[in-house]
Each structure stands twice: as C-alpha cells, then as structure tokens.
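Structure at a glance
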Amino acid sequence: MQNRVYLDNAATTPLDKEVLDAMLPYMSNHFGNPSSIHSHGREVRSAVEKARKQVAGFINASPSEIFFTSGGTEADNCALFSSVHTLGVKRAITSKIEHHAVLHTLEQLAKEGAIELHFVNLDEKGRVVLAHLEELLASGPRTLVSLMHGNNEIGNLNNLEAIGELCKQHDAIFHCDTVQTMGHYPIDVQKLNIHFLVGAAHKFHGPKGVGFLYINSSVKINPLIHGGSQERNMRGGTENVYGIIGLAKAMEIAYSDLEGHQNHIKAVKAYMIERLKESFTDIKFNGDSDNLDGSLYTVLNVSLPESEDNDMLLFNLDIAKISCSGGSACSSGTGIGSHVLAAVGADGNRGNVRFSFSKYTTKEEIDYTIEKLLAIYPVESH
Ligand SMILES: Cc1ncc(COP(=O)(O)O)c(C=O)c1O
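None of the values given here were measured: they were computed from a predicted structure.

Things to note about the overall build of the chain
Each helix and strand counted, the chain has 11 helices and 12 strands in total. Its C-alpha atoms give the chain a radius of gyration of 21 Å, near enough to 21 Å, the size a compact globule of 382 residues would have. With the principal axes as the frame, the chain shows a C-alpha extent of 70 × 55 × 35 Å. Buried residues in the chain amount to 50% of all 382 residues. In the chain, 72% of the contacts between residues at least 6 apart in sequence involve partners at least 24 apart.

Things to note about the sheet that holds strand β10 (residues 299–304)
Read across the open sheet, the three strands follow the order β9-β10-β12; overall the sheet is antiparallel. The two strands at the open ends of the sheet, each matched to only one other strand, are β9 (284–285) and β12 (351–356). Across six bridges, β10 lies against β12 in antiparallel orientation. Note that in β12 the partner of Val302 across the bridge is Val353.

What to know about the sheet that holds strand β8 (residues 211–215)
Each strand in a sheet pairs with its neighbour through backbone hydrogen bonds, running either in the same direction (parallel) or in the opposite one (antiparallel). If you walk across this open sheet you meet the seven strands as β2-β8-β7-β6-β5-β3-β4, and the pairing is mixed. The sheet is open, and its two edges are formed by β2 (66–69) and β4 (116–119), each paired on a single side. On average, adjacent strands in this sheet sit at an angle of 20 degrees to one another, irrespective of strand direction. The pairing of strand β6 (residues 173–176) with strand β7 (residues 196–200) spans two bridges and is classified as parallel. Opposite Cys176, over in β7, you have Leu197 as the bridge partner. Against the sheet, helix α6 (residues 160–169) makes contact with β5 (143–146) and β6, and its axis sits at roughly 155 degrees relative to β6, the strand it touches most.

Remarks on the pairing of β5
Every regular strand shows the same layout, with side chains that alternate between the two sheet faces. Burial of the side chains of β5 extends over both faces: Thr143 and Val145 are buried on one face and Leu144 and Ser146 on the other. Where strand β3 (residues 91–94) and β5 come together, three bridges link them in parallel fashion. Residue pairing in the sheet places Arg91 in a bridge with Thr143 of β5. Handedness of the crossover joining β5 and β6 through α6 is recorded here as right-handed.

Focus on the domain arrangement of the chain
For the chain, the assigned domains read domain 1 (17–256) and domain 2 (257–381). Distance from the C-alpha centre of domain 1 to the C-alpha centre of domain 2: 28 Å. Taken together, the contact pairs 20 residues of domain 1 with 21 residues of domain 2. Its residues assigned to classes, the side of domain 1 that touches domain 2 shows seven nonpolar, nine polar and four charged.

So, helix α5 (residues 130–138)
Among all positions in α5, only Leu133, Leu136 and Leu137 are buried. The arc that holds every buried residue of α5, seen down its axis, measures 95 degrees, which confines them to one face. Exposed positions of α5 whose direction lies more than 90 degrees from the buried face are Ala131, Glu135 and Ala138. The elements touched by buried residues of α5 are β3, β4, β5 and α6. Following α5 by one or two positions, Gly140 adopts a phi angle in the positive range, close to 100 degrees.

Considering unusual backbone geometry
The phi torsion at Asp171 lies on the positive side, around 55 degrees, for a residue other than glycine. Within the fold, Asp171 resides in the loop between α6 and β6. Here Lys321, not a glycine, exhibits a phi torsion of approximately 70 degrees, which is positive. Relative to the helices and strands, Lys321 resides in the loop between α9 (313–319) and β11 (322–323). We classify Lys321 as partly exposed; it has 15 C-beta atoms within 10 Å.

A few points about the packing of helix α2 (residues 39–58) against helix α7 (residues 241–256)
In contact at an axis separation of 9 Å, α2 and α7 are set at 35 degrees when each is read in the N-to-C sense. Crossing of α2 over α7 shows left-handed handedness. Listed contacts from α7 to Val44, Ala47, Val48, Ala51, Gln54, Val55 and Phe58 of α2 are Val241, Ile244, Ile245, Leu247, Ala248, Met251, Glu252 and Tyr255. A class-by-class count of the residues in the contact of α2 with α7 yields 13 nonpolar, one polar and one charged.

A few points about the site of the ligand
Around the ligand, 13 residues are found, and the nearest of them are Gly71, Gly72, Thr73, Asn152 and Ala200. The biggest single contributor to the shell around the ligand is helix α3 (residues 72–86), with three residues. For the shell around the ligand, the residue count by class is four nonpolar, seven polar and two charged.

Analysis parameters
Residue indices follow the written sequence of each chain, beginning from 1 at its first position. Residues qualify for local features only when their pLDDT is at least 70, as the model is predicted, and side-chain atom pairs are given and counted only at 80 or more; totals for whole chains, interfaces and linings, by contrast, use all residues. Secondary structure elements are defined from DSSP: runs of H or I of at least 4 residues count as helices, runs of E of at least 2 residues count as strands, and each element is numbered from the N terminus. All radius of gyration figures rest on C-alpha atoms, and the globule criterion is 2.2 Å times the number of residues raised to 0.38. To sort residues by exposure, count the other C-beta atoms lying within 10 Å of each residue's C-beta; 20 or more gives buried, 12 or fewer gives exposed, and values between give partly exposed, all with C-beta atoms placed from the backbone. Distance between backbone-placed C-beta atoms decides contact: two residues are in contact if it is within 7 Å. Here a strand pair is declared whenever DSSP counts at least two bridges between the two strands. Every angle, taken between N-to-C directions, lies between 0 and 180 degrees, and every axis is a line fitted to C-alpha atoms, over only the stretch in contact when it is a helix. Throughout, right-handed denotes a crossover for which the path from the first strand over the helix to the second runs clockwise when the strands point away from the viewer. Domain start and stop positions are those given by an automatic or database domain assignment. Residues are grouped as follows: nonpolar covers Ala, Val, Leu, Ile, Met, Phe, Trp, Tyr, Cys and Pro; charged covers Asp, Glu, Lys and Arg; every other residue, Gly included, is treated as polar. The arc in question is the one spanned by the directions pointing from the helix axis to the C-beta atoms. Each crossing gets its handedness from the near helix: less than a right angle anticlockwise from the far helix is left-handed, clockwise is right-handed. Here, nearness is defined through the C-beta atom: a residue counts as near a molecule or strand if that backbone-placed atom lies within 6 Å of it.

This is how it looks when you write it as structure tokens:
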C-alpha cells in the first residue's frame, strides 16, 4: 500500500531521529532549570550555552548575538517591534509577499502611528525591484528594511548582499526573515550587512516551538518579552531547553552535508518541473519558483490548468495520500486567499499548489504525485 507522500516541507519538516535522541535526555534526567545555581541547573546551563555557541558558529556570529525564541514569529516580532521602539526608526520598507509574521507586525506598528509603511515594487515574477528600494531609501527618516531571504509560498530568493549594501549606504536597519533558508543555505553574517536574522528549527528537521534571533552586536534593543534575566535580559522565561538542544543538533546535521542535501532536493525539484511539463499541455509556475538556480530549491509553486474541480484540488490530493498546500489567488483583496499569490498576479481560476521538498523526498514520490494529478485532471489537459 502506498505510504502517504509528504510534500509540505515549507510548512514544517519531519523531526530527524538523531535530533530526537539528542533531546530526550533533557526531557528526563537533565531536567534542571538552567537558571538554578546548583549542579542540576549548571549542567543544563552548560548544554544551553554549548547549543548557543554551535548555532552562532554555523552563521559565523558571536554566541552573544544569538537569542533563543519560541520560533520564527516571535523572533520577527521582537526584531521589528524592538527596532522601532528602541532605535528611533520612523519608517519601514517591506514587500507585499512577506510572511504574516512580518506583514501583520509592521501593519500593527503603522496602525499605532509608530511608523510610516512603504512597499517596495516587485516585478512580474515577484522579485524586488532594487532600483525602487534605493529610491525609497534615498529620502525620508531613519528606516527599517524588512525583506525576507526565501519566500515560503513561491520560493523567490532575495539578494541579501545587494539589499544589505543599499541599507548600509542609507544607514537603514536591515531585518531579514531567513526562516525558510536557515539550515538550507550557507549564511555568514560577517559577509552581510544585516542587523537581524531569524531561524526556526522545525523548518530544518528540528522541533517545533523553538527558534532564534540573531542581533548584530552593533545594535542594542529592548526586549519584547519582559520577565526574568534569561537570554541576557532579552527574553524572560525559563528556556525551552530540549527545544534548544534539538535546534542546535538539527542545525549541525543540516550544515554537515549542506551540499549533499541541496543537490538531492534540487534534482527532485528539477524532476518535478520536467514531469509536469511533459504531463500537462498547459502548465505554469507562480513567482520565480521554476527558476532552478535563482529560487528556493525546496519550493515549487505550480499553476495547474483551469478546472471546475480546482476548489477541491487540495482535498483530492489529500484523499490520494498526498499532503501539500495551496492557497487560492485572491485578487479582489476581500477574500481569504493567499496574499502572496495575489501580489504576483496568480490566476485564481487555475489550480495553484505549493509542493515543497526535503532531503527525504524521492523521485518515486514525485512520479506517484504526477500519476494522481493526471487522474484528477481531465484528459484534455494532459
Ligand atoms: C518565511 C517565514 N517566516 C516566519 C515563519 C513563522 O515561523 P514559526 O512558525 O516558527 O513561528 C514562517 C513559517 O511558516 C515562514 O515560512
């Protein structure tokens, strides 16, 4: 019997067995509170600090620049709220295709009257128009730029070097949501002009509910969560110890064979593009996602032919034992469609599906998915 096929790795990835093994002792024997000064506490404190050092090492940061959080959303919120409230930022520039963790936070800040919010222009594929960013940066008060590295829905990749350079020239603060690329691309903060970066363990085979915020040592901000003195007064609350241990282990596995994983996943994505093109007469891709070298290799956003049954597409794929995700392209701006697909002008009458891959995805699973898609779509579209 066919096992279920999991093609929703941009939503979350399965936990690696080795990560679970590293975490288990911290759910049983090593239960001390890292803030306690007795030996139960001290052994756990030392494991947390070792994890911090490891995480910092993978992005070439200093351990004092790493702050553990409950995940990507909290890290984004902390960076955005705190830079506006602490660094004298009066204006923010972002894009219409950011994750809601960024968009809703900036919209809230704008609603409170704390910032003026601007959206950088995107081209027809949803890529940031750097000339427009430069134009926006050239005028106005101190600015926060929040542009993601890899887009979670359509896989567009931003050029962090170029954006960082523009921010440097205009003395802007640069926050980058790297949730989809952390653990999937080499990131070296020494080579980038970035003030804030974000990671979430569950996107690279780590546990859910844990992540981190990198804060460049040149910026000093107030905490988002007030309480005890954990995380050097930046984030009160007893640490998610086993989560932190799992995060560091997952990062170690991700970066120990980054190229191997990249090559495997890229080949799977290229194979799916090829199989879709040969199977359907009318196939398109949303955003930049079929640009093999220029987009996130884990994400492929497919625009399948028009069909009366497209409303049921994800449901039908689920029945066929395939887990993936979608989001209708809501162009009216009133419905609850995907704001990203709407921003790149995706055709809402077509079947828009995001397939996202991991190191565990196989070409056989892609063949199975194509077979099921062909069964779902009328023969005229083959
Ligand atoms: C680009 C991006 N940013 C932020 C988040 C939020 O991360 P978390 O679920 O860890 O809060 C996600 C998760 O889907 C994401 O894809």
